[in-house]
Amino acid sequence: MKKSQLIMIWFLPLIVIGGLFIPVLGYLVVAMMVFFLVLSVFKGRFWCWNLCPRGAFLDIALSAISRNRPAPKIFAKQWFRWLIFAAFISFLIYRIISVGGNFIAIGSVFVGVCLLTTLIAIALGIATKHRSWCTICPMGTLQQKIGTITRSSQKDANRY
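Quantities reported herein were computed from a predicted structural model and do not represent experimental measurements.

**Observations concerning the overall build of the protein chain**
Step number 1: When you go through the protein chain residue by residue, the secondary structure sums to 10 helices and 0 strands.
Step number 2: Against the globule reference of 15 Å for 160 residues, the protein chain gives a C-alpha radius of gyration of 16 Å, in line with a compact fold.
Step number 3: Each principal axis of the C-alpha distribution contributes one length, and for the protein chain these read about 55 × 40 × 30 Å.
Step number 4: Counting every position in the protein chain, which comprises 160 residues, the buried fraction comes to 39%.
Step number 5: In the protein chain, the share of contacts with a sequence separation of at least 24, taken over all contacts with a separation of at least 6, comes to 79%.
Step number 6: Accessible area of the protein chain: about 9200 Å², with a carbon and sulfur share of 72%.

Next comes the structure, spelled out in structure tokens:
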């Protein structure tokens with residue numbers, strides 16, 4: 001267990017429980033998404049394994065009760081990960097549009113999505129390895145792609 005995980009784990013209950021009562025806490029999700037996407041330019045999926053509050057929760061709380069079975073093989077397929085990403089983003093955009101620009105309601109959308117994906121992560125983590133969700137996490141998929149593009153661009157620039 002990393003020291004950073006002991007700090008970050010508290011953001012998960014703050015958002016998924018506190019956000020039910022104070023919906024603007026959902027904007028912490030937005031802030032984290034922006035931060036880790038910028039970070040991924042330099043560090044790839046560093047966020048996932050070191051700073052993600054859900055990942056910290058899965059490591060600290062769920063690893064003890066996980067069945068520790070392999071994740072479904074389809075989780076490793078790029079097309080499946082991008083399908084999950086597209087579904088996630090589509091649902092997120094649909095929900096944001098459906099609340100009609102209401103600031104509080106948009107915060108609530110992010111709380112709801114965080115809660116939903118956490119429940120999925122818990123179910124997967126108990127049935128399989130505790131971090132199975134991380135394999136298909138939409139934001140992890142995007143971070144990995146950004147990190148790969150950045151490293152590829154840096155290699156190309158170094159050739160000349």
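Anyway, onward from the coordinates.
**Comments concerning the side chain of threonine 118**
Step number 1: By secondary structure assignment, the location of threonine 118 is in helix H8 (residues 103-127).
Step number 2: Accessibility expressed as a relative area gives 6% for threonine 118, which makes it buried.
Step number 3: Not counting chain neighbours up to four residues away, the residues in contact with threonine 118 comprise Leu12, Val16 and Arg54.

Thresholds applied
Residues numbered from 1 in each chain as written. Predicted model: local features only at pLDDT ≥ 70, side-chain atom pairs only at ≥ 80, totals over all residues. Heavy atoms only, no water. Helix = DSSP H or I, 4+ residues; strand = E, 2+ residues; numbered from the N terminus. Rg over C-alpha atoms; globule rule 2.2 N^0.38 Å. Buried < 20%, exposed > 50% of the residue type's maximum accessible area, 1.4 Å probe, protein only. Contact = heavy atoms within 4.5 Å. Areas by Shrake-Rupley, 256 points an atom, 1.4 Å probe, with all protein chains shown as cover.

It is worth stressing that arrangement in space is one thing and function is another; only the former is reported here.
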